[in-house]
Amino acid sequence: MLTLPQRERRQAWLLLAPMLLMMFLLTAWPLARTLWLSFTDAGLIGDGSAPNWVGSDNFIYALTDPDFRAALWRTLYFTVVSVIIEGFIGVLVALLLNQQFWGRSALRVLVILPWALPTIVNATMWRLNFNPDYGSINALLSQLGLIDTYRSWLGDPSSAINAVMFADIWKNYPLITLLVLAALQTIPEDLFEAARLDGASAFRRFHKITLPAIAAPLAVALILRTIDAFKVFDIIYVMTRGGPLDSTKTVSFFVYQESFSYLRAGSGAAYAILMTLICALLILVYMVMLLRQRRSGSAE
């Protein structure tokens, strides 16, 4: 006879079964279809005949394609730099908003505003700000004496990726701020008071009290932002269309062009599978790091 906890677990699984089945079907079918297409020479436009099986040719071509490798390194650069800067700014802003000062509530609303904006609105706004003729960025830098002539930030291959990264950081750092701020407000003030009485410096209080408290939510935020930044597409599509000279062409944009611009569904699916595997690897690395952190924290 089942014990009460076993009955509750079985009932819980029965209640969750329809949702889990639906999630499996919605995830497994598109992934299986994409995987099958990646081994064929399927095109988006054809004569109605079945695509030919080409085996691993699409993957071999993808792994030896210098344009794809360049897009991959460009995407990794975008991901690593933007996530590091977002994490740094997010923690600093969260520490600021955790202090007591006049107007804190209004400032919190202003901090959330960039994250609340739709990506297409954010991208359009920053595309106008970086406009070489009437953009506010050129006007501001010119007034400060930092530049002599107006620059085409999005038209220069050396600055386009950084300009798009700036817009992406401005939009997404509030997510990290919100998660870290929520963790900061769970720390009892008595711990800080006791540390001050013991003569602990501000850095030591941060290292011994604040950092352990925000480590888990910060890791979750960085995981989410890493995955999101690696598959960046919409902000690049609006701001640069992958240009100039492919300087902002990321892996997602590469998959989009291969599939829908060049109408090569088979090779586009292969690129998409490779991108999925890289995202899964990033998730695995972060989860291992988080697990080790929890084990070390419980050991202490």
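About the cut-offs
- Residues numbered from 1 in each chain as written.
- Predicted model: local features only at pLDDT ≥ 70, side-chain atom pairs only at ≥ 80, totals over all residues.
- Heavy atoms only, no water.
- Helix = DSSP H or I, 4+ residues; strand = E, 2+ residues; numbered from the N terminus.
- Buried < 20%, exposed > 50% of the residue type's maximum accessible area, 1.4 Å probe, protein only.
- Contact = heavy atoms within 4.5 Å.
- Areas by Shrake-Rupley, 256 points an atom, 1.4 Å probe, with all protein chains shown as cover.
- Lys, Arg positive; Asp, Glu negative; His and termini not counted.
- Charge placed at Lys NZ, Arg CZ, Asp CG, Glu CD.
- UniProt positions renumbered as here; feature names shortened; annotations may be inferred.
- Axes fitted to C-alpha atoms, helices over the stretch in contact; angles between N-to-C directions.
- Parallel < 35°, antiparallel > 145°, perpendicular 65-115°, else oblique.
- Left-handed = near helix turned anticlockwise from the far one by under 90°.
- Patch = residues over 30% accessible without salt bridge, like charges linked within 9 Å, V, L, I, M, F, W, Y side chains within 5 Å.
- Salt bridge = Lys/Arg side-chain N within 4 Å of Asp/Glu carboxyl O.
- Phe/Tyr/Trp six-rings, centres within 6.5 Å; stacked < 30°, edge-to-face > 60°.
- Nonpolar A, V, L, I, M, F, W, Y, C, P; charged D, E, K, R; others polar.

1. Some details on the overall build of the protein
Phase 1: A tally of helices and strands in the protein yields twelve helices and zero strands.
Phase 2: In terms of overall dimensions, the protein has a C-alpha envelope of 80 × 80 × 30 Å along the principal axes.
Phase 3: Counting over 300 residues, the protein shows a buried share of 37%.
Phase 4: Sequence separation of 24 or more characterises 66% of the internal contacts of the protein that already satisfy a separation of 6 or more.
Phase 5: Of the roughly 18,200 Å² that the protein leaves accessible, carbon and sulfur atoms contribute 67%.
Phase 6: In the protein, 23 side chains carry a positive charge and 20 a negative one; their mean positions are 8 Å apart.

2. Concerning helix α11 (residues 251–261)
Phase 1: A large share of α11 lies buried, amounting to eight of its eleven residues.
Phase 2: Taken as a whole, α11 has its buried residues at Val251, Ser252, Phe253, Phe254, Val255, Gln257, Glu258 and Ser259.
Phase 3: In the stretch just after α11, Leu263 is the one whose phi turns positive, near 60 degrees.

3. What about the UniProt feature "transmembrane region" (unreviewed entry) in the protein?
Phase 1: Look at the UniProt record and you will see "transmembrane region" (unreviewed entry) annotated at residues 12–32, 76–97, 109–128 and 269–291.
Phase 2: Summarising residues 12–32: 100% helix, 0% strand, and an end-to-end C-alpha distance of 29 Å.
Phase 3: The span residues 76–97 is 100% helical and 0% strand by assignment, and the distance between its end C-alpha atoms comes to 31 Å.

4. Structural notes on the environment of Ile137
Phase 1: Looking at where Ile137 falls in the secondary structure, it is placed in helix α6 (residues 136–143).
Phase 2: By relative accessible area, which is 17% here, Ile137 ends up buried.
Phase 3: It is 9.3 Å that separates the C-alpha atoms of Ile137 and Arg151, two residues lying 14 residues apart in sequence.

5. Section: the side chain of Thr226
Phase 1: Relative to the assigned elements, Thr226 resides in helix α9 (residues 202–230).
Phase 2: Every residue in contact with Thr226, bar those within four places of it in the chain, is listed here: Thr79, Val83, Leu282 and Tyr286.

6. Details of the packing of helix α4 (residues 104–116) against helix α7 (residues 160–184)
Phase 1: Put simply, α4 and α7 touch, their axes get as near as 6 Å, and they point 130 degrees apart. It follows that α4 is oblique to α7 by the angle criterion. In the packing of α4 onto α7, the handedness of the crossing is left-handed. Counted together, Arg108, Val111, Ile112, Pro114 and Trp115 of α4 and Trp170, Lys171, Asn172, Tyr173, Pro174, Leu175, Thr177, Leu178 and Leu181 of α7 form the full contact between these two elements.

7. Section: the environment of Pro188
Phase 1: Among the secondary structure elements, Pro188 is positioned in the loop between α7 and α8 (189–197).
Phase 2: Residue class for Pro188 comes out partly exposed when judged on its relative accessible area of 44%.
Phase 3: Taking the C-alpha atoms as reference, Pro188 lies 9.9 Å from Ile209; in sequence the two are 21 residues apart.

8. Quick notes on a nonpolar patch on the surface
Phase 1: Among the surface-exposed residues, Trp13, Leu16, Met19, Leu20 and Met23 lie close enough to one another that they form a single nonpolar patch of about 520 Å² accessible area.
Phase 2: With respect to the secondary-structure elements, Met19 resides in helix α1 (residues 4–37).
Phase 3: Judged by relative accessible area, which is 45%, Met19 ranks as partly exposed.

9. Considering the packing of aromatic side chains
Phase 1: In this structure the tally under the stated criterion is 16 aromatic pairs.
Phase 2: An angle of 40 degrees between the planes, with centres 6.3 Å apart, marks the rings of Tyr237 and Phe253 as tilted. In this pair, Tyr237 sits in helix α10 (residues 234–239) while Phe253 sits in helix α11, placing the two residues 16 residues apart along the sequence.
Phase 3: Given a relative accessible area of 3%, Phe253 falls into the buried group.
Phase 4: Here Tyr256 and Phe260 contribute two aromatic rings whose centre-to-centre distance is 6.0 Å and whose plane-to-plane angle is 40 degrees, an arrangement assigned as tilted. Taken together, the residues span about one helical turn, with Tyr256 and Phe260 both in helix α11 at a distance of four residues.

10. Structural notes on the packing of α7 against α9
Phase 1: At a minimum axis distance of 9 Å, the contact between α7 and α9 shows a crossing angle of 150 degrees. Comparing the axis directions of α7 and α9 gives the class roughly antiparallel. Considering only the axes of α7 and α9, their crossing is right-handed. Residues Asp168, Asn172, Leu175, Ile176, Leu179, Val180, Ala183 and Leu184 of α7 form the contact with α9, whose own contacting residues are Thr210, Ala213, Ile214, Pro217, Leu218, Ala221, Leu222, Arg225 and Asp228.
Phase 2: Classifying every residue of the contact of α7 with α9 gives twelve nonpolar, two polar and three charged.

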